[in-house]
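# An overview of the molecular structure
Here is how the chains run, residue by residue.
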Amino acid sequence: MQFDAELLLLAMAPVFLACIGWEAWHLARTRRADRLYSWPDTLCNAALALMHQGADKLAWLAVVPFYAYIYSHFRLFTWHGGWLSFAVLFLVQDLLYYVFHRCSHRIRWFWAAHVVHHSSERLNLSTAFRQSLMYPIAGMWAFWTPLALLGFPPQQIIAIVLINLAFQFFVHTQAIGRLGWLEYVLNTPSIHRCHHARNPRYIDRNFAGVLVIWDRMFGTYVPEDEDDAPQYGIVEPLRTYNPLTATFHEWRSMLADAMRAPRFADKLRAIFGPPEWAAAYHAARAQYTSDHGHAAYTRR
């Protein structure tokens, strides 16, 4: 099943590229392509995709034996194929993706990898390719471990993860409006546009992979508002198309904050706290320095 899924994604590569071409053409007809596509941004997305794919393939070499060990020694159930098995695998993996995605926004260690995907100030289908080679280091693979524990072999785990990610390619677009009743069930372009926005009302919302029911259940859903059009990118803009800078800038900042923090608790917060903690910490230190003339502030 792993082999089949990878062949499926390989076969879909021309589809992905054709969709990008159609989107650019369609937006050019509406005279909006200059704001939505640019060669530097698109080439950066492509470079990041290639880097991510290389790292991903190497990571599977280590992770697959780990999943196999969990499956062989600790699985709770044995599935015999069929629609029930697929439905359980699909639902559980999609829920685990929601958990991973939410953690990737609320824990700085994971955000250091995920921020790459949000760092472009444009949103188009090529943005789906904008991924980080650091996901294996951050530990994305650990979120799928419960699937092996539930009795799904590594090949099926890899397949369902790839299928989930393939679906998400199609929600990275501004060419499609709201989709009626589908907005209650599926992740759609409108829902995902909100997720990529840096407007205050949209930040840390709409973590869906395929199903939006998890956002609705756990209170993280927000609809797109025509009066508050999404503004894309991150709160502190990257201002570069260098794929290496895009990949490592937050890791460098995170580790520097951890090194500079005087207290051990603050070192941990710099790495495992929410991303906004660092900005608040720096603001407090700057205010203390301004008031007292030195930087001896330690967070209480």
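What comes next is a walk through the structure. Since the structure is predicted, the reported quantities are computational estimates derived from the model, not experimental observations. Counting of residues starts from 1 at the beginning of each chain's written sequence and follows it residue by residue. With pLDDT at 70 or above as the cut-off, local features in this predicted model cover only qualifying residues; side-chain atom pairs require 80 or more to be listed or tallied, and sums for whole chains, interfaces and linings still use all residues. Hydrogens and water are ignored here; the side-chain numbers use all heavy atoms of the structure.

## Considering helix 11 (residues 243–260)
- Taking 1.5 Å as the rise per residue, helix 11 with 18 residues should run 26 Å; its terminal C-alpha atoms sit 26 Å apart, in good agreement.
- In this analysis the local bend is the angle between axes fitted, respectively, to the seven residues ending at and the seven residues starting at the residue. Secondary structure counts use DSSP, requiring at least four H or I residues in a row for a helix and at least two E residues in a row for a strand, with both numbered from the N terminus. Bending of helix 11 peaks at approximately 35° at the position of H249.
- Summary of the burial criterion: residues with accessible area below 20% of their type's maximum are buried, those above 50% are exposed, and those between are partly exposed, where the area comes from a 1.4 Å probe applied to protein chains only. Along helix 11, the residues that are buried comprise P243, A246, T247, H249, E250, W251, M254, D257 and A258.
- Here helix 11 starts with a cap whose side-chain oxygen sits 2.8 Å from the backbone nitrogen of L244, and that cap is N242. Expected helix span is given by 1.5 Å per residue-to-residue step, counting one fewer step than there are residues. Side-chain atoms alone can form a polar contact between residues adjacent in sequence; in general such a contact is a pair of N or O atoms within 3.5 Å, and within protein one must be able to donate a hydrogen while the other accepts it.

## Some details on empty space enclosed by the protein
- In the cavity and pocket records, a cavity denotes points on a 1 Å grid over the protein atoms alone where a 1.4 Å probe fits but cannot get out, a pocket denotes an open set with protein on both sides within 12 Å along at least 5 of 7 lines, and lining residues are residues with an atom within 4 Å of a point. Grid points are joined across faces, edges and corners, and a volume is the space filled by probe spheres set on the points. Taken as a whole and judged by the stated rule, the model has one cavity of 30 Å³ or more.
- Lining the largest cavity, in full, are H52, D56, A59, W60, V63, Y135, P136, M140, W141, W144, V161 and L165.
- Only helix 3 (39–74), helix 6 (135–138) and helix 8 (154–169) provide two or more residues apiece to the lining of the largest cavity.
- Here the element with the most residues in the lining of the largest cavity is helix 3; it accounts for five residues.
- Charged residues are taken to be Asp, Glu, Lys and Arg, nonpolar residues to be Ala, Val, Leu, Ile, Met, Phe, Trp, Tyr, Cys and Pro, and polar residues to be all remaining types, Gly included. When its residues are assigned to classes, the lining of the largest cavity shows ten nonpolar, one polar and one charged.

## Quick word on the packing of helix 4 (residues 83–106) against helix 5 (residues 108–118)
- Here the axes come from fitting lines to C-alpha atoms, over the contacting stretch only for helices, and the angles between their N-to-C directions go from 0 to 180 degrees. Two numbers describe how helix 4 lies on helix 5: the axes approach to 6 Å, and their chain directions differ by 100°. Looking at the two axes, helix 4 sits roughly perpendicular to helix 5. Taken together, the residues of helix 5 that come into contact with helix 4 (itself represented by H101, C103, S104, H105 and R106) are R108, F110, W111, H114 and H118.
- A class-by-class count of the residues in the contact of helix 4 with helix 5 yields three nonpolar, five polar and two charged. Each angle gets one of four labels, with under 35 degrees taken as roughly parallel, over 145 as roughly antiparallel, 65 to 115 as roughly perpendicular, and the rest as oblique. The contact criterion used throughout is that any non-hydrogen atoms of two residues lie within 4.5 Å.

## Some thoughts on the side chain of E250
- Residue placement: E250 occurs in helix 11.
- Discounting residues that sit within four places of it in the chain, E250 has contacts with R108, W111, A112 and V115.

## A closer look at the environment of N206
- Position of N206 relative to the elements: it lies in the loop between helix 9 (189–195) and helix 10 (213–218).
- For the pair N206 and R216, spaced ten residues apart in sequence, the C-alpha separation works out to 8.7 Å.
- Setting aside anything within four residues of it in sequence, one finds N206 in contact with I191, C194, H195, D215, T220, Y221 and V222.

Such coordinate-based values are descriptive only and should not be taken to indicate function.
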